[in-house]
Amino acid sequence: MTALSVSTSSAASLRADALVVGVAKGPKGIALAPGAEAVNEAFEGKLTEVLNTLGATGAEGEAVKVPSPAGLKAAFVLAVGLGEAAEAGYQLEALRRAAGVAARTLAGAKKAALALPTESADEVEAVALGGLLGAYAFGTYKGDGNGKEPVGELVVLAPRKGSKDAKAAVERAAAIGEEMNRARDLVNTAPNDLNPKSFAAIAQAAGKEHGLKVEVLDEKALAKGGFGGLLGVGNGSANPPRLVKVAYTHPKAKATLAFVGKGITYDSGGISLKPAGHNETMKCDMAGAAAVFAAVVAAKRLGLAVNVTGWLALAENMPSGTATRPGDVLRMYGGKTVEVLNTDAEGRLVLADAIVRAGEENPDVIVDVATLTGAMVLALGNRTFGVMSNNDELRDTLHTVAGEVGEQSWPMPLPAELRKGMTESTIADLANMGERMGGGLVAGLFLKEFVAEGIDWAHLDIAGPAFHESAPFGYTPKGGTASAVRTLVRYAEQTAANGKA
Ligand code: BES
Ligand code: MN
Ligand code: ZN
């Protein structure tokens with residue numbers, strides 16, 4: 001794991017492999033970003049000229065290496081693009097991405113110093129978090145020499161003034177970034193290694209490490225409790241389902257949040273089997289549960305004055321002689337019956353059980369996170385998650401909060417007329433499928449049926465951004481992204497600050 005620290009030393013005197021500076025597109029050619037002053041001095045004020053000669057444009061994603069002149073202790077300078085120059089200060093997301101590009105480019109190096117804009121604590125946090133996330137690599141299955149090690153150490157350079165705040169900002173970034181990287185590891189782990197039981201065991205071990213209460217319901221306890229959704233989805237698999245509860249409480253908390261995560265460790269579609277081409281990445285179908293777990297641990301590490309309970313609905317969706325059939329009726333936790341018309345619409349079944357169970361504890365708000373529908377990917381693309389809610393204000397809050405932390409989201413409606421198709425099961429209370437059009441919203445409406453009267457609830461459909469398949473960009477690697485973790489953490493933080501949900 002990449003070590004993260006903060007230093008107030010001058011960029012010139014810091015011993016490192018690389019010194020990272022920011023370069024932007026100015027009105028008159030490229031411009032150096034704040035933080036690069038001492039480095040520019042070592043180049044006798046000619047760093048922009050040198051970068052120009054090397055073809056630097058300041059575009060986002062760009063990384064240009066320059067050998068160090070005498071006067072710098074680092075071996076080379078790496079200039080990363082920040083996009084358009086910003087007089088009034090760079091967007092935090094531009095800083096996160098630039099730091100991420102730097103960290104990714106520097107894989108294989110031992111130590112790098114980041115001389116990027118860090119005048120405010122928010123900027124320090126952005127640089128540190130972008131660096132830590134960009135340094136991420138999943139090496140579990142790669143042999144030695146088969147890919148570079150992530151950069152060993154990242155030092156964020158910050159001004160002496162406000163250095164105490166800078167230190168706290170780097171610690172915050174470490175808490176959030178390390179938990180996000182844990183969520184990415186969970187998503188990237190092959191589904192023959194990560195199943196409901198092993199996921200629950202990891203949650204128990206990590207929970208213990210951080211002093212969190214973790215309770216696991218195994219298949220016997222689920223049967224005793226009447227969790228028909230989890231059992232029905234898990235029936236076809238040799239790996240039985242689990243419901244994991246992770247609780248973080250704070251003595252001064254004035255509100256309680258429940259986060260519920262879809263944790264399908266592999267989604268083959270079940271008897272309604274997915275065709276080839278649609279199941280190769282379906283190990284990512286537990287990304288919601290991974291995000292929820294990461295957010296609860298991060299809330300604990302940050303010591304937020306709010307109670308947060310995470311519910312991980314874990315099952316493997318497989319076809320077999322014991323699998324649920326299209327046509328079966330499940331009795332969900334709480335008593336509602338559901339006719340399963342398509343076993344590939346399994347996420348809503350495990351979530352329904354978990355949402356009812358979460359509601360029993362009377363939280364102020366329930367937020368579920370799920371790679372729920374392909375329809376949401378068609379609607380919003382690969383980088384944006386949909387936000388639905390039974391409360392417009394909560395929906396807008398989550399959308400706003402996501403934007404603040406650099407996550408792309410969009411508010412989506414839950415149109416009442418789409419509910420009808422789902423309630424037309426001739427033999428059960430509900431069917432797990434409704435109209436095809438607006439499939440992401442139909443799924444949201446299904447979940448809404450299981451939210452207890454009087455509880456505010458929101459649903460984040462992260463099917464698009466949870467798993468990144470094209471080339472890495474900014475601090476986003478290929479594979480698991482930890483989508484929604486920062487949104488959940490910031491929402492918990494805001495709830496703590498407001499003293500109410
Ligand atoms: N896990 C999938 C949704 C998904 C699709 C996640 C693409 C990530 C990327 C979900 O369980 C599913 O199969 N949904 C079906 C629902 C349909 C059968 C009503 C879908 O979206 O096709
Ligand atoms: Mn499915
Ligand atoms: Zn699924």
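Residues numbered from 1 in each chain as written. Chains lettered and ligands numbered in written order. Predicted model: local features only at pLDDT ≥ 70, side-chain atom pairs only at ≥ 80, totals over all residues. Heavy atoms only, no water.

Asker: Please provide a residue-by-residue account of the overall build of the chain, values included.
Answerer: A tally of regular secondary structure across the chain gives 14 helices and 20 strands. In summary, the chain has a C-alpha radius of gyration of 24 Å against a globular reference of 23 Å for 501 residues, a match within 12%. Put simply, the chain has 501 residues, and 57% of those count as buried. Excluding contacts between residues fewer than 6 apart, the proportion of contacts in the chain whose partners are at least 24 apart in sequence is 77%. Here the chain displays about 20300 Å² of accessible surface, and carbon together with sulfur accounts for 50% of that area. Counting 49 positive and 55 negative side-chain charges, the chain places the centres of these two groups 4 Å from one another. (Helix = DSSP H or I, 4+ residues; strand = E, 2+ residues; numbered from the N terminus. Rg over C-alpha atoms; globule rule 2.2 N^0.38 Å. Buried < 20%, exposed > 50% of the residue type's maximum accessible area, 1.4 Å probe, protein only. Contact = heavy atoms within 4.5 Å. Areas by Shrake-Rupley, 256 points an atom, 1.4 Å probe, with all protein chains shown as cover. Lys, Arg positive; Asp, Glu negative; His and termini not counted. Charge placed at Lys NZ, Arg CZ, Asp CG, Glu CD.)

Asker: How would you explain the coordination of the zinc ion (ligand 3) if you had to name every residue and give the values?
Answerer: Taken together, the protein ligands of the zinc ion (ligand 3) are Lys262 (NZ), Asp267 (OD), Asp285 (OD) and Glu346 (OE), with distances of 2.0 to 2.4 Å. If you look at the zinc ion (ligand 3), its six donor atoms make angles of 79 to 175° with each other, and the shape they trace is octahedral. In primary-sequence terms, the residues that donate to the zinc ion (ligand 3) follow K-x4-D-x17-D-x60-E. The distance between the zinc ion (ligand 3) and the manganese ion (ligand 2) is 3.1 Å, with Asp267 acting as a donor to both metals. With Lys262 in strand 10 (residues 256-267) and Glu346 in the loop between strand 13 (337-339) and helix 10 (347-359), this pair connects stretches of sequence that are 84 residues apart. The same class applies to Lys262 and to Glu346, which are both buried. (Donors = N, O, S within 2.8 Å, 3.2 Å for Na, K, Ca; no water. Tetrahedral: all angles 85-135°; square planar, octahedral: opposite > 155°, others 65-115°.)

Asker: Just give me the short version of the sheet that holds strand 11 (residues 307-317), but keep the residues and values in it.
Answerer: Strand order in the open sheet formed by eight strands is 8-9-11-10-14-18-15-16, with mixed pairing between adjacent strands. In this open sheet, the two edge strands, each paired with only one partner strand, are strand 8 (213-217) and strand 16 (409-411). Ignoring strand direction, the axes of neighbouring strands in this sheet form an average angle of 20°. By the bridge criterion, six bridges tie strand 14 (residues 365-370) to strand 18 (residues 456-461) in an arrangement that is parallel. Across the sheet, Ile366 pairs through a bridge with Trp457, a residue of strand 18. Of the strands in this sheet, strand 14, strand 15 (385-389), strand 16 and strand 18 touch helix 12 (residues 392-404), which is tilted by about 160° from strand 16. Its contacts with the sheet place helix 14 (residues 485-498) against strand 10, strand 11, strand 14, strand 15 and strand 18, and it is angled at close to 170° to strand 10. (Pairing = 2+ DSSP bridges. Axes fitted to C-alpha atoms, helices over the stretch in contact; angles between N-to-C directions.)

Asker: Can you tell me about the domain arrangement of the chain, naming the residues and giving the values?
Answerer: Considered domain by domain, the chain is made up of domain 1 (3-157) and domain 2 (182-498). Distance from the C-alpha centre of domain 1 to the C-alpha centre of domain 2: 36 Å. Each side of the interface is counted separately: domain 1 has 13 residues, and domain 2 has 16 residues. Taken over both partners, the interface formed by domain 1 and domain 2 buries close to 1300 Å², and the fraction arising from carbon and sulfur atoms is 55%. The tally of links from domain 1 across to domain 2 stands at zero salt bridges. In this structure, the connection of domain 1 to domain 2 is made through eight residue pairs in polar contact (both at pLDDT 80 or more). Of all elements in the fold, only helix 3 (92-105) and helix 4 (121-134) reach the threshold of two or more residues within the side of domain 1 that touches domain 2. Residue contributions to the side of domain 1 that touches domain 2 peak at six residues, all from helix 3. (Domains from an automatic or database assignment. Buried area = accessible area lost by both parts, 1.4 Å probe. Salt bridge = Lys/Arg side-chain N within 4 Å of Asp/Glu carboxyl O. Polar contact = N/O pair within 3.5 Å; in protein donor to acceptor, adjacent residues only side chain to side chain.)

Asker: Outline the nonpolar core, supporting the account with residue identities and numerical values.
Answerer: Leu4, Leu106, Phe199, Phe259, Leu312, Leu460 and Tyr491 are the most contacted members of the largest nonpolar core, which has 96 residues in total. Sorting elements by how many residues they give to this core places helix 9 (residues 287-302) first, with twelve residues. Residue contributions to this core reach at least three from each of two domains, namely domain 1 (3-157) and domain 2 (182-498). If you look at the next biggest cluster of nonpolar residues, it comprises 45 residues, including Ala313, Phe446, Leu447 and Ile455. (Core = buried A, V, L, I, M, F, W, Y, C linked by side-chain atoms within 4.5 Å.)

Asker: Can you explain the site of ligand 1? Please cite residues and give values.
Answerer: Around ligand 1 lies a shell of 15 residues, among which Lys274, Asp285, Asp344, Glu346 and Gly374 are the nearest. Within the contact set of ligand 1, a nitrogen atom lies 2.9 Å away from a side-chain nitrogen or oxygen of Asp285. The separation between a nitrogen atom of ligand 1 and a polar main-chain atom of Thr371 is 3.4 Å. In the complex, 77% of the free accessible area of ligand 1, which totals 520 Å², lies under the protein chains. Here the shell around ligand 1 is built from residues that sort into four nonpolar, four polar and seven charged. (Near = heavy atom within 4 Å. Nonpolar A, V, L, I, M, F, W, Y, C, P; charged D, E, K, R; others polar.)

Asker: Tell me about the coordination of the manganese ion (ligand 2), and please be specific about residues and values.
Answerer: The coordination sphere of the manganese ion (ligand 2), as far as protein atoms go, consists of Asp267 (OD), Asp344 (O), Asp344 (OD) and Glu346 (OE), spread over 2.0 to 2.2 Å. Every donor counted, the six donor atoms about the manganese ion (ligand 2) form angles of 70 to 169° at the centre, which fits irregular coordination. Written as a sequence motif, the donor residues of the manganese ion (ligand 2) are D-x76-D-x1-E.

Asker: Tell me about unusual backbone geometry, residues and numbers included.
Answerer: Positive phi, normally seen in glycine, also occurs at Glu44, with a value near 55°. For Glu44, a relative accessible area of 67% translates into the label exposed.

Asker: Residues and numbers for the environment of Ala402, please.
Answerer: As for its placement among the helices and strands, Ala402 is situated in helix 12. Between the C-alpha atom of Ala402 and that of Phe385, which follows or precedes it by 17 residues, the distance is 9.7 Å. Excluding anything up to four places from it in sequence, Ala402 contacts Phe385, Glu407, Ser409 and Thr487.

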